[in-house]
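Given next are the chains, with one letter for each unit.
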Amino acid sequence: MSHASDVPEAGSEAPNLDFAGTTPYEDYVQADVLTHLQHPRSDDPGEMVFLVTTQVMELWFTVLVHEWETASRALREDRIPVAIDALKRSVHELEALNASWKPLGRLTPAQFNSYRAALGEGSGFQSAMYRRMEFLLGDKSASMLVPHRGAPRVHAELEKALQEPSLYDEVLRLLARRGLPVPADVLDRDLAQRYESSRAVEEIWAGIYREPDQHTELIRLGEALTDVGELVWRWRNDHLVATRRAMGSKTGTGGSAGVAWLEKRATKNVFPELWTARSHV
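Residues numbered from 1 in each chain as written. Predicted model: local features only at pLDDT ≥ 70, side-chain atom pairs only at ≥ 80, totals over all residues. Heavy atoms only, no water.

A. Structural detail: helix α4 (residues 80–99). With 20 residues, α4 should cover 28 Å at 1.5 Å per step; its first-to-last C-alpha distance of 29 Å lies within 8% of that length. Where α4 is concerned, the buried positions are I80, A83, I84, A86, L87, S90, V91, E93, L94, L97 and N98. In the core, the buried residues of α4 are packed alongside α3 (46–76), α8 (167–177) and α11 (216–247). (Helix = DSSP H or I, 4+ residues; strand = E, 2+ residues; numbered from the N terminus. Expected span 1.5 Å × (residues − 1). Buried < 20%, exposed > 50% of the residue type's maximum accessible area, 1.4 Å probe, protein only. Contact = heavy atoms within 4.5 Å.)

B. Highlighting the environment of M133. One can find M133 in helix α6 (residues 128–136). On the basis of relative accessibility, which here comes to 3%, the residue M133 falls in the buried class. C-alpha of M133 to C-alpha of W68: the two residues are 65 residues apart in sequence and 8.2 Å apart in space.

C. Focus on the pattern of salt bridges. Inspection of the entire model under this criterion finds 18 salt bridges. Across the salt bridge formed by K160 and E164, the nearest N and O atoms sit 2.6 Å from each other. A salt bridge links R199 to E202; the shortest N-O distance between them is 3.1 Å. Taken together, the residues span about one helical turn, with R199 and E202 both in helix α10 (residues 199–210) at a distance of three residues. Look at E202 and you get buried, because its relative accessible area is 10%. (Salt bridge = Lys/Arg side-chain N within 4 Å of Asp/Glu carboxyl O.)

D. Representation of the packing of aromatic side chains in the model. Counted by the stated rule, this structure contains ten aromatic pairs. Ring geometry for Y168 against Y195: centres 5.2 Å apart, planes inclined by 90 degrees, an arrangement best described as edge-to-face. Placement of Y168 in helix α8 and of Y195 in the loop between α9 (184–187) and α10 is noted, with a sequence separation of 27 residues between them. The class for Y168 is buried, based on a relative accessible area of 1%. (Phe/Tyr/Trp six-rings, centres within 6.5 Å; stacked < 30°, edge-to-face > 60°.)

E. Highlighting the packing of α3 against α4. One way to put it is that α3 packs onto α4 with a least axis distance of 8 Å and a crossing angle of 165 degrees. In terms of axis orientation, α3 runs roughly antiparallel to α4. For the crossing formed where α3 meets α4, the hand is left-handed. Contacts between α3 and α4 involve M57, W60, F61, V63, L64, E67, W68, T70, A71, A74 and L75 on the former and, on the latter, V82, A83, A86, L87, R89, S90, E93, L94, A96 and L97. Residue composition of the contact of α3 with α4, by class: 16 nonpolar, two polar and three charged. (Axes fitted to C-alpha atoms, helices over the stretch in contact; angles between N-to-C directions. Parallel < 35°, antiparallel > 145°, perpendicular 65-115°, else oblique. Left-handed = near helix turned anticlockwise from the far one by under 90°. Nonpolar A, V, L, I, M, F, W, Y, C, P; charged D, E, K, R; others polar.)

F. Quick peek at the nonpolar core. W68, L87, L175, W205, L221, V228 and F271 are the most contacted members of the largest nonpolar core, which has 59 residues in total. Among the secondary structure elements, those contributing two or more residues to this core are α3, α4, α5 (109–116), α6, α8, α10 and α11. Per element, the largest residue contribution to this core is twelve residues, and it comes from α11. Beyond its immediate stretch of four places on either side in the chain, L221 contacts L75, I80, I84, L87, V171 and L174. (Core = buried A, V, L, I, M, F, W, Y, C linked by side-chain atoms within 4.5 Å.)

The following block contains the structure:
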């Protein structure tokens, strides 16, 4: 992809610079739309950084939902290599998402307070795309649809995601189709409920890892999921640390519990049996 500094000044290799309307780059990327979506509500220059960084996070949430839905569909169709490729891409995308905390992670309380009032009742837990991301990870809760009742399209998308199998549900269904003894109460559980760890599933993963020669492809899948799980854990912890630095233990924006809620989240792993099974290999 070329930018202005890459363009030859003259000669037969010079690109076309004359367009009747907007440039093809603009038509594809919609850069003008993206760079005019920022409307700070305070005079503090730091608010622009906060606003753009948060918007960048939303874009990464969108990409991750796309990747994990791609992986889920591939698993449903028994195309494990396609699923692993999507998961591996999502690892790099999670690394980029997690790096988004760097511009925010050194805010002093005074710096955050200078534009915190501009957020009003806004809070990250109200992000619909982040909620879809969490639902795909198996962390489901019908109550998290409540903030979106006033937006019918968004609410319908979240309701659909709540009722559908998570990425990990598709993994467990795949293991069952491979002849592994996934319990019926795990396979037939209420998909709208948060996934709870199963001792039987833990033993299945331990058995897979004990016999690497027999389960090469499943181990690659397990490791790709573990990479994702590790970076989700790091995301939650980076969020916790950034919030602690900016506002201590005060009530969070939008009336959330702030640090107390984030501390509780930071102790939980997604795809839990992939972590606990390692103690039994």
